[in-house]
Amino acid sequence: MSLFTDPMWSGLFGDEEVQCAFSPETTFTQYIAFEVALTNALAAHDLISGIAKAAVLTVCKNFIPDLEELKVGVAKDGLPVPAFIKQLRACIDAPYAADCHKTSTSQDVMDTALALSLKQCSSIFQRRLLDLISILEDLMVRSGDRRLMGRTRMQAALPITVADRLVTWLEPLRRHQQRLSVTTAKAAVLQYGGPVGTSFEQNERAGSIAAQMATELGLGIPQSGWQTQRDAIVEYANVLSLISGSLGKIGADIGLMAQQGIEEIKLSGGGGSSAMAHKRNPIKAELLVTLARYNSTQIAAMHSTLVHEQERSGSAWALEWMVLPGMCVVTGAGLQQALHLLKQIEWIGSPLSD
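Residues numbered from 1 in each chain as written. Predicted model: local features only at pLDDT ≥ 70, side-chain atom pairs only at ≥ 80, totals over all residues. Heavy atoms only, no water.

A. Up close: the overall build of the protein. A tally of regular secondary structure across the protein gives twelve helices and four strands. With respect to the three principal axes, the spread of C-alpha positions in the protein is 85 × 40 × 35 Å. Nonlocal contacts in the protein, meaning residues at least 24 apart in sequence, comprise 77% of its contacts between residues at least 6 apart. Summed over all atoms, the accessible surface of the protein reaches about 16900 Å², with 57% contributed by carbon and sulfur. Side-chain charges in the protein split into 30 positive and 35 negative, and the spacing between the mean points of these groups amounts to 7 Å. (Helix = DSSP H or I, 4+ residues; strand = E, 2+ residues; numbered from the N terminus. Contact = heavy atoms within 4.5 Å. Areas by Shrake-Rupley, 256 points an atom, 1.4 Å probe, with all protein chains shown as cover. Lys, Arg positive; Asp, Glu negative; His and termini not counted. Charge placed at Lys NZ, Arg CZ, Asp CG, Glu CD.)

Spelled out as structure tokens, the structure:
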């Protein structure tokens, strides 16, 4: 069982808000949203009739898939969309069932759902980054002129101020806000490539169909099918690791500053020990380091997902499913825990009068 969702561990490693972006309920809602947008666009371009459109949209309003049947379908087909569409079509009046999902393919649905999930995650991350930056800016105002010992290679070097340390925490987070905005715009793009990525069935109409769908779904308009072009997705993962790494730096610094004998920071709370009652372990600081290291190790796997064979890869694509949602959860958990950690700071540094 994953530590992200294990009832005992999820309070430490999990992030329910981010996990929700990848939950079955959210995924099915996204699948339906894709089919609704596709149906509207096909009708607008006279590729299906108005009656067919009404028949499809009526069923989409209240459709709930059978999870057990989907599980069987995934084991057989290697992905959920074929069984999902089979169930959906079975609920549509027979003359019009074939008009559901017409001109599209499974990867169009799943990649568009991924784009929607990443957009949802980015909104969460941006909000938390903004809150972190606000807390650090306030800490800078309140304590920036207090003294710390600057340390190089973990040895005492020369005196610095708290502001000197805080700026190394703060500035990367500001840059990550911009990076996240740019990479989300690249990754949160509709997928509409059809069976081999060329949308050949629609010819010149493919671009306008995709534009209408993207606008309805709130996604970027694709220049072409990107089913084997995963660089934007991998770039997004890179930014996740950068965010986690910067939070890990904060955690590492706070953990060292809180050491007995150093005591350059005081934190409220802290974790207890089963054997040593006097200890107050900097759990959240340690966790930020752990989460940073986890996401950094996932980057190699994400770069492996760039290697798609020809016009579609089952293996590279499936590896992406395994890795990217977890990276999003780890990034969200890190931001959440960092917020808690910074709020635990009672004081930092020594007054100038000492």
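That was the structure; now back to the text.
B. Here's a closer look at the layout of surface pockets. One number sums up the size of the largest pocket: a volume of about 600 Å³. Contributions of two or more residues to the lining of the largest pocket are made by helix 3 (24–44), helix 5 (67–77), helix 7 (106–143) and helix 12 (314–343). (1 Å grid on protein atoms, 1.4 Å probe; cavity = no way out; pocket = protein on both sides within 12 Å on 5 of 7 lines; lining within 4 Å. Points joined across faces, edges and corners; volume = space filled by probe spheres on them.)

C. The packing of helix 7 against helix 12, seen in detail. It is at 10 Å that the axes of helix 7 and helix 12 come closest, and there the two elements cross at 15°. Considering the angle they form, helix 7 stands roughly parallel to helix 12. Taken as a pair, helix 7 and helix 12 cross one another with a handedness that is left-handed. (Axes fitted to C-alpha atoms, helices over the stretch in contact; angles between N-to-C directions. Parallel < 35°, antiparallel > 145°, perpendicular 65-115°, else oblique. Left-handed = near helix turned anticlockwise from the far one by under 90°.)

D. The arrangement of the packing of helix 7 against helix 8 (residues 162–187) in detail. Where helix 7 meets helix 8, the axes come as close as 9 Å, and the angle between the chain directions of the two elements is 160°. Classified by the angle their axes make, helix 7 and helix 8 are roughly antiparallel. Considering how the two elements wind past one another, helix 7 and helix 8 form a crossing that is left-handed. Class assignment for the residues of the contact of helix 7 with helix 8 results in 19 nonpolar, seven polar and three charged. (Nonpolar A, V, L, I, M, F, W, Y, C, P; charged D, E, K, R; others polar.)

E. Region of the structure containing the pattern of salt bridges. On inspection of all chains with the given rule, the structure shows 14 salt bridges. A salt bridge links K76 to D77, with the shortest nitrogen-to-oxygen separation between them at 3.1 Å. The salt bridge partner of K249 is D253, with a shortest N-O separation of 2.8 Å. Linking K249 with D253, this pair stays in helix 10 (residues 231–257), spanning four residues, or about one helical turn. The class for K249 is partly exposed, based on a relative accessible area of 36%. Take D253: its relative accessible area is 13%, and that puts it in the buried class. Each of D15, E17, R127 and R128 takes part in a single network of salt bridges with overlapping partners. (Salt bridge = Lys/Arg side-chain N within 4 Å of Asp/Glu carboxyl O. Buried < 20%, exposed > 50% of the residue type's maximum accessible area, 1.4 Å probe, protein only.)

F. Local environment of the pairing of strand 1 (residues 147–152). With five bridges joining them, strand 1 and strand 2 (residues 155–161) adopt antiparallel strand pairing. Looking at the pairing, R147 lines up with T161 of strand 2. Taken together, strand 1 and the strand that follows it, strand 2, pair antiparallel across an intervening segment of two residues, in which R153 is found at a positive phi of about 55°. (Pairing = 2+ DSSP bridges.)

G. Just unusual backbone geometry, in detail. A positive phi angle, near 75°, is found at H101, a position not held by glycine. In this fold, H101 is placed in the loop between helix 6 (81–90) and helix 7.

H. How the structure looks around the environment of V189. Looking at the element boundaries, V189 is found in the loop between helix 8 and helix 9 (206–217). What makes V189 buried here is its relative accessible area of 11%. Taking C-alpha positions, V189 is 10 Å from A210, a pair spaced 21 residues apart along the chain. Ignoring any residue separated from it by four or fewer positions in sequence, one finds V189 in contact with A115, L219, G220, I221, P222 and W226.

I. Structural context of the environment of S117. Relative to the helices and strands, S117 is located in helix 7. C-alpha separation for the pair S117 and E137, spaced 20 residues apart in sequence, amounts to 30 Å. Only 2.7 Å separates the side chain of S117 from the backbone oxygen of A21, close enough to count as a polar contact. (Polar contact = N/O pair within 3.5 Å; in protein donor to acceptor, adjacent residues only side chain to side chain.)

J. View of the state of the cysteines. Going through the model one piece at a time under the given rule, you end up with zero disulfides. Summary of cysteine pairing: C20 is not part of a disulfide, and the nearest cysteine sulfur, belonging to C121, is at 9.6 Å. Relative accessible area serves as the criterion here: at 38%, C20 is assigned to the partly exposed category. Not engaged in a disulfide, the cysteine C91 finds its nearest cysteine sulfur in C60; these two sulfurs lie 9.8 Å apart. (Disulfide = S-S within 2.5 Å.)

K. The arrangement of the packing of aromatic side chains in detail. The full count for this structure, using the stated rule, is five aromatic pairs. Here the aromatic rings of Y31 and F84 are separated by 5.2 Å at their centres, their planes lie at 85°, and the arrangement is edge-to-face. A residue pair is termed long-range when its members are at least 10 positions apart, and Y31 in helix 3 and F84 in helix 6 qualify at 53 residues. An angle of 70° between the planes, with centres 4.9 Å apart, marks the rings of W317 and W321 as edge-to-face. In this pair, W317 and W321 both sit in helix 12, four residues apart, roughly one turn of the helix. The class for W317 is buried, based on a relative accessible area of 5%. On the basis of relative accessible area, W321 is assigned to the partly exposed category, the value being 31%. Following the ring pairs from residue to residue traces out a cluster consisting of F28, Y31, F63 and F84. (Phe/Tyr/Trp six-rings, centres within 6.5 Å; stacked < 30°, edge-to-face > 60°.)

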